[in-house]
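Architecture and fold: a report
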Amino acid sequence: MERPTDNDNEPQLPATLIEALKAEDQPTALITSRADRALEAQAAAHFAARRSTARDWRPAWYAAAAAAAVALLLVVPREPSINEGIGAQDVFYADVDASGRIDIADVLAVARSGRATQPDIDAFAARVVTLSPPGTAR
Amino acid sequence: MHRADAMDRQSDEELVRLCNVGSADEAEAAFGSLYRRHRDFVLRVALRYVSDNDSALDAVQETFSYLLRKFPPGGAGLTLTARLTTLLYPVAKNNAISLQRKAARSGNADQDPDELPSAADRSNDERDVLSLLAGLPADRRELVTLRFVDDMSLQDIATALGLPLGTVKSRLHAAIADLRKLPQVKEFFEN
């Protein structure tokens, strides 16, 4: 990649040194496909609020059911958070669609219910997609 | 996949615009492109400040979560006035440093969380770029890395670090002058 030059008087390094530096800066960690999917899921939840109801493929009763489930969450005390310190606004962290696990589908359900603010949705999504050890809610 | 390919050909400015005002699908695809384009850079930055891979991956996630929050549902979010890397760099660095400090508090008490990991912390099988720059003060080491490893322009470095351009220029001059004196890089200047 050609390095942008700011002016002719700019100090340079020998090309061999630059090559050596770049060679050593190669990452020792790999970004896994799981990590990629986690970010993609977080983005999907974040932008879900822009979906118009006209384009929503889910049946009409779904939004009402999700809203009722979210309203119930506000009344019923929530379980202790699994990942403390993720964020204070995690009251929606629950199995909203009764699928048996807390996942990104629950985040989307909360987003579509219209009952949560964007920060709440983001906090819920961040918690769901946090790279937690296997066995915990995802 | 077709949408992803088309998005990957867009400029950062266009992708940011779509994240701001695009439909849900467009914004999601645009953000995905930004992520794929810049994730390796963010990871490399993080690895300069943390001593374990898990912390580096966490720093990557936190950095892009931060970027995601720059695009509120109603649009009118982030406006690019410089290259996106000038925004991502300080965020990635600060996230990595915070994670390293957390690890230092809970683990190795000898680890100075404000310093780059020393050569001793790295695997013996790895050649260590930090050893080539060892002996330079941290701020000058950072400048050399940004300029010659990350290929950032002096203006972009100034923006990323929040420094005047003149300061970046003079510090880089001083950094290279110091670098010339280091025994481990002397041969590069002599050949």
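The structure this text deals with has already been given above.
Let me begin by describing the structure that accompanies this report. Small disclaimer: the values here were computed from a predicted structure and weren't measured.

This next bit is on the overall build of chain A. When helices and strands are tallied, chain A shows 5 helices and 0 strands. Reading chain A from its N end, one meets helices and strands in the order α-α-α-α-α. Per-residue burial for chain A yields a buried fraction of 44% across its 138 residues. By sequence separation, contacts in chain A at least 24 residues apart represent 64% of the contacts at least 6 residues apart. On chain A, roughly 7600 Å² of surface is accessible, and the fraction owed to carbon and sulfur atoms is 58%.

Taken together, the contact between chain B and chain A spans 56 residues of the former and 43 residues of the latter. Considering only the side of chain B, the residues that lose the most area to chain A are Gln61, Phe148 and Asp151 of chain B, jointly responsible for 15% of the buried surface there. Viewed at the interface, chain A and chain B are joined by 5 salt bridges. Among the salt bridges present, the one from Arg147 of chain B reaches Glu10 of chain A, with a minimum N-O distance of 2.4 Å.

The geometry of two aromatic rings is summed up by the distance between their centres and the angle between their planes. All names here are of chain B. For the structure on display, the rule yields 2 aromatic pairs over all chains. Here the aromatic rings of Tyr35 and Phe64 are separated by 4.9 Å at their centres, their planes lie at 85 degrees, and the arrangement is edge-to-face. Remark: Phe64 occurs in helix 4 (residues 53–68) and Tyr35 occurs in helix 3 (residues 24–47); sequence separation between them is 29 residues. Accessibility assignment for this pair places Tyr35 and Phe64 in one class, buried.

Take the pattern of salt bridges next. The final tally for this structure, using the stated rule, is 14 salt bridges over all chains. Lys22 of chain A serves as the salt-bridge partner of Asp151 of chain B, at 2.8 Å between the closest nitrogen and oxygen. One end of the pair, Asp151 of chain B, is in the loop between helix 7 (138–149) and helix 8 (154–161); the other, Lys22 of chain A, is in helix 1 (residues 15–24), on a second chain. Relative accessible area serves as the criterion here: at 7%, Asp151 of chain B is assigned to the buried category. Classification of Lys22 of chain A by relative accessible area gives partly exposed; the value is 24%. Residue Lys93 of chain B is joined to Glu142 of chain B by a salt bridge in which the shortest nitrogen-to-oxygen separation is 2.9 Å. With Lys93 of chain B in helix 5 (residues 84–106) and Glu142 of chain B in helix 7, this pair connects stretches of sequence that are 49 residues apart. Bridged by salt links that share partners, the residues Asp25 of chain A together with Arg44, Arg48 and Asp150 of chain B form one connected network.

All names here are of chain B. Between helix 5 and helix 8, whose axes approach to 8 Å, the crossing angle comes to 40 degrees. Between helix 5 and helix 8, the angle is such that the two are oblique. Once helix 5 is placed against helix 8, the crossing between them reads as right-handed. The segment helix 5 lies against helix 8, with Thr86, Tyr89 and Pro90 engaging Asp156, Thr159, Ala160 and Leu161. Here the contact of helix 5 with helix 8 is composed, by residue class, of 4 nonpolar, 2 polar and 1 charged.

Thresholds applied
- Residues numbered from 1 in each chain as written.
- Chains lettered and ligands numbered in written order.
- Predicted model: local features only at pLDDT ≥ 70, side-chain atom pairs only at ≥ 80, totals over all residues.
- Heavy atoms only, no water.
- Helix = DSSP H or I, 4+ residues; strand = E, 2+ residues; numbered from the N terminus.
- Buried < 20%, exposed > 50% of the residue type's maximum accessible area, 1.4 Å probe, protein only.
- Contact = heavy atoms within 4.5 Å.
- Areas by Shrake-Rupley, 256 points an atom, 1.4 Å probe, with all protein chains shown as cover.
- Buried area = accessible area lost by both parts, 1.4 Å probe.
- Salt bridge = Lys/Arg side-chain N within 4 Å of Asp/Glu carboxyl O.
- Phe/Tyr/Trp six-rings, centres within 6.5 Å; stacked < 30°, edge-to-face > 60°.
- Axes fitted to C-alpha atoms, helices over the stretch in contact; angles between N-to-C directions.
- Parallel < 35°, antiparallel > 145°, perpendicular 65-115°, else oblique.
- Left-handed = near helix turned anticlockwise from the far one by under 90°.
- Nonpolar A, V, L, I, M, F, W, Y, C, P; charged D, E, K, R; others polar.

Shape is all these values report; function is a separate question.
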